[in-house]
Amino acid sequence: MKHGMIMRMSADYSADIPELEKLYPDHIATVSKRHDHALDHVGASHAVIFSGMPKVAFLDDTQYPFIANPHFLSWVPLVAVPLSVIVYTPGAAPVLVYYQPHDYWHVVPGKPCGYWTESFDVRIVHTIADIAEHLPEEKDKCILIGEIGTNGPDFGIERINPTKALNMLHFARGIKTGYEIACMRLASRRGARGHIAAEAAFREGSSEFDIHRAYCGAVSHTDNELPYTNIIALNQHGAVLHYTNLDRRPPKEIHSLLIDAGARIRGYASDITRTYSFGDARFDELIDRMHDMQMRITGKIRAGVNFSELHVESHRMLAELLVEARLAVGSPDALLASGVTAAFFPHGLGHLIGVQVHDVGGHMMDESGAVLDPPSGHPFLRLTRTLTENMVLTIEPGLYAIDILLDNLRGTPAEHHVNWDAVEWLRPFGGIRIEDDVRVTADGCENLTRNAFASVDGNVST
Ligand code: GLY
Ligand code: MN
Ligand code: MN
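Residues numbered from 1 in each chain as written. Chains lettered and ligands numbered in written order. Predicted model: local features only at pLDDT ≥ 70, side-chain atom pairs only at ≥ 80, totals over all residues. Heavy atoms only, no water.

A. Structural context of the coordination of the manganese ion (ligand 2). Taken together, the protein donors to the manganese ion (ligand 2) comprise Asp 271 (OD), His 351 (NE2), Glu 396 (OE) and Glu 435 (OE), at separations of 2.0 to 2.2 Å. Each of the 6 donor atoms bound to the manganese ion (ligand 2) contributes to angles spanning 51 to 158°, and the resulting shape is irregular. Between consecutive donor residues of the manganese ion (ligand 2), the sequence gaps follow D-x79-H-x44-E-x38-E. A distance of 3.3 Å spans the gap from the manganese ion (ligand 2) to the manganese ion (ligand 3), which Asp 271 bridges by coordinating each metal. (Donors = N, O, S within 2.8 Å, 3.2 Å for Na, K, Ca; no water. Tetrahedral: all angles 85-135°; square planar, octahedral: opposite > 155°, others 65-115°.)

Written out as structure tokens, the structure reads:
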């Protein structure tokens, strides 16, 4: 290390977790096999995987938060190391070309350490030009995976992000390794700690901004380390699906909190939503009904389930719930066909999750890249695959009073199915979403989120 340079030691990967250490070699073996298969299919001998370039704002010298190439992250837990490269050649240990610039303006990535380094031939470079020395000479036998173009070096490799190879890798990533599942269990626990702290802040009457601060403190993440921007929505803000404004003052009257917030471990995300009533018994009862419905949907998860069909079935269940809660009248068929359930629940039932919160490959029929479209009338469903063991996905039904969608029902046959007085009652509460992350098993699922809430004891060490 040069004198005067500060090295980064991120809490996210400087400390080893014995359980992860044990599982990591098998993970690397699986990721290697997936690359063997993809390279073979496209007639290439080496995969060169680029972590990414920092991005600078237009006419400015400020950088956007760095988000690493997810292909790079599925090899190594280096969420904050730009300009680094993995070179994988079947049969050889993967090479990690680790970029550690001499820079006294910024904190630079620290010396690679931890269990994962043993699976790599690590080569530290201090200039971008030095990366080239560690790349295969036969460039025509390489594929390059990463964001390249005006913003990134192509290292003289012409085959950049070949679709066939990427399709294979994306399809395979839908099934998680034991290591990935262990990371996601820990990410769920980390997120559950944040949710518990956020609920306590809500009960004390805090603003959205202060609930957010309580959450970030409990998970020990800065805003940029969160897997996605927290949704912390008091009252009617819960009806804005991606509400991210964070009012600095609490509203005069507090009715409800919808919090959609996750956490990361080694790059792997959790994605959790809970909704709370500030004391209104009728809204509390509606939340209980949604929990019950969400658990019944989760109870149907198992290998072999067609997720598009489950999404449509969840609309039928919501139709029954709307009738029981006196928000609507009519048969499930009528409420689905007239668009009533779609107005109250306008997003997908769930999505794959991994190093990306909305993990790739949700619409893939197979590794060829053939697409499974969402069912008609449900364009926002991100997962249409048949579930297989060790997929990890979210189950997140919702029920909201979204004026622009409900107003569209006026003057249509749906108008007479809606109890508009009840919608008026619901509006100040915004809406409800209950979101868990689950792992598919042969005959059911493991609910990472509910297990995490049950096991969290207030210790934030992981
Ligand atoms: N937090 C984003 C989502 O639930 O999909
Ligand atoms: Mn989600
Ligand atoms: Mn979410």
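B. Looking closely at the pattern of salt bridges. The tally for this structure, following the rule as stated, stands at 19 salt bridges. One salt-bridge network, in which partners are shared between bridges, spans Arg 173, Lys 176 and Asp 359. (Salt bridge = Lys/Arg side-chain N within 4 Å of Asp/Glu carboxyl O.)

C. Representation of the packing of aromatic side chains in the model. Across all of its chains, the model carries 14 aromatic pairs by this definition. Pairing Tyr 24 with Tyr 179 gives two aromatic rings, centres 5.0 Å apart and planes at 70°, and the pair type is edge-to-face. Here Tyr 24, found in helix H1 (residues 18-42), pairs with Tyr 179, found in helix H4 (residues 178-203); they are 155 residues apart in sequence, far enough to count as distant. Residue classification places Tyr 179 among the buried residues on the basis of a relative accessible area of 2%. Considering the side-chain rings of Trp 425 and Phe 429, the 5.3 Å spacing of their centres and the 45° angle between planes classify their relative orientation as tilted. Of the two residues examined, Trp 425 and Phe 429, each falls in the buried class. Joined through ring pairs, the aromatic side chains of Tyr 24, Tyr 115, Tyr 179 and Tyr 268 make up one cluster. A cation over a ring is seen here: Arg 248 above Phe 209, with NZ or CZ 4.4 Å from the ring centre. Directly above the aromatic system of Trp 425 lies the positively charged group of Arg 282, at a separation of 4.0 Å from the ring centroid. (Phe/Tyr/Trp six-rings, centres within 6.5 Å; stacked < 30°, edge-to-face > 60°. Helix = DSSP H or I, 4+ residues; strand = E, 2+ residues; numbered from the N terminus. Buried < 20%, exposed > 50% of the residue type's maximum accessible area, 1.4 Å probe, protein only. Lys NZ or Arg CZ within 6 Å of the ring centre and 35° of its normal.)

D. Main features of the sheet that holds strand E6 (residues 121-125). An order of E6-E4-E3-E2-E7 is seen for the 5 strands of this open sheet, with the pairing classed as mixed. Because the sheet does not close on itself, it has two edges, and the strands there are E6 and strand E7 (142-145). Between one strand axis and the next, the sheet turns by 20° as a mean value, whatever way the strands run. The pairing of strand E2 (residues 46-50) with strand E3 (residues 85-88) spans 4 bridges and is classified as antiparallel. Its bridge partner lying in E3, Ile 49 is registered against Ile 86. (Pairing = 2+ DSSP bridges. Axes fitted to C-alpha atoms, helices over the stretch in contact; angles between N-to-C directions.)

E. Representation of the environment of His 35. Looking at where His 35 falls in the secondary structure, it is placed in helix H1. Under the relative-accessibility criterion, His 35 is labelled buried at 5%. Separated by 60 residues in sequence, His 35 and Val 95 place their C-alpha atoms 14 Å apart.

F. Just the site of ligand 1, in detail. Ligand 1 sits among Tyr 228, Asp 260, Asp 271, His 351, His 358, Glu 396 and Glu 435. Between ligand 1 and Asp 260 there is a distance of 3.1 Å, counted from a nitrogen atom to a side-chain nitrogen or oxygen. In the environment of ligand 1, an oxygen atom lies 3.1 Å from a nitrogen or oxygen atom belonging to the side chain of Asp 271. Residue composition of the shell around ligand 1, by class: 1 nonpolar, 2 polar and 4 charged. (Near = heavy atom within 4 Å. Polar contact = N/O pair within 3.5 Å; in protein donor to acceptor, adjacent residues only side chain to side chain. Nonpolar A, V, L, I, M, F, W, Y, C, P; charged D, E, K, R; others polar.)

G. Up close: the state of the cysteines. For the coordinates displayed, the defined rule picks out 0 disulfides. With no disulfide of its own, Cys 445 has Cys 183 as its nearest cysteine by sulfur position, at a separation of 20 Å. Cys 445 sits in the partly exposed class, given a relative accessible area of 28%. (Disulfide = S-S within 2.5 Å.)

H. Highlighting the confidence of the model for the protein. Averaged over every residue, the pLDDT of the protein is 94; residues scoring 70 or more account for 95%. Of the regions scoring below 50 in pLDDT, residues 9-14 engages in 16 contacts with residues more than four places distant in sequence or in other chains. (pLDDT = per-residue confidence, 0-100. Contact = heavy atoms within 4.5 Å.)

I. Seen up close, the packing of H1 against helix H3 (residues 163-173). Their axes nearest at 8 Å, the elements H1 and H3 cross at an angle of 155°. As summarised for this structure, H1 and H3 are arranged roughly antiparallel, according to the angle between their axes. Both H1 and H3 take part in a crossing whose hand is right-handed. Counted together, Arg 34, His 35, His 37, Ala 38, His 41 and Val 42 of H1 and Lys 164, Ala 165, Met 168, Leu 169, Ala 172 and Arg 173 of H3 form the full contact between these two elements. (Parallel < 35°, antiparallel > 145°, perpendicular 65-115°, else oblique. Left-handed = near helix turned anticlockwise from the far one by under 90°.)

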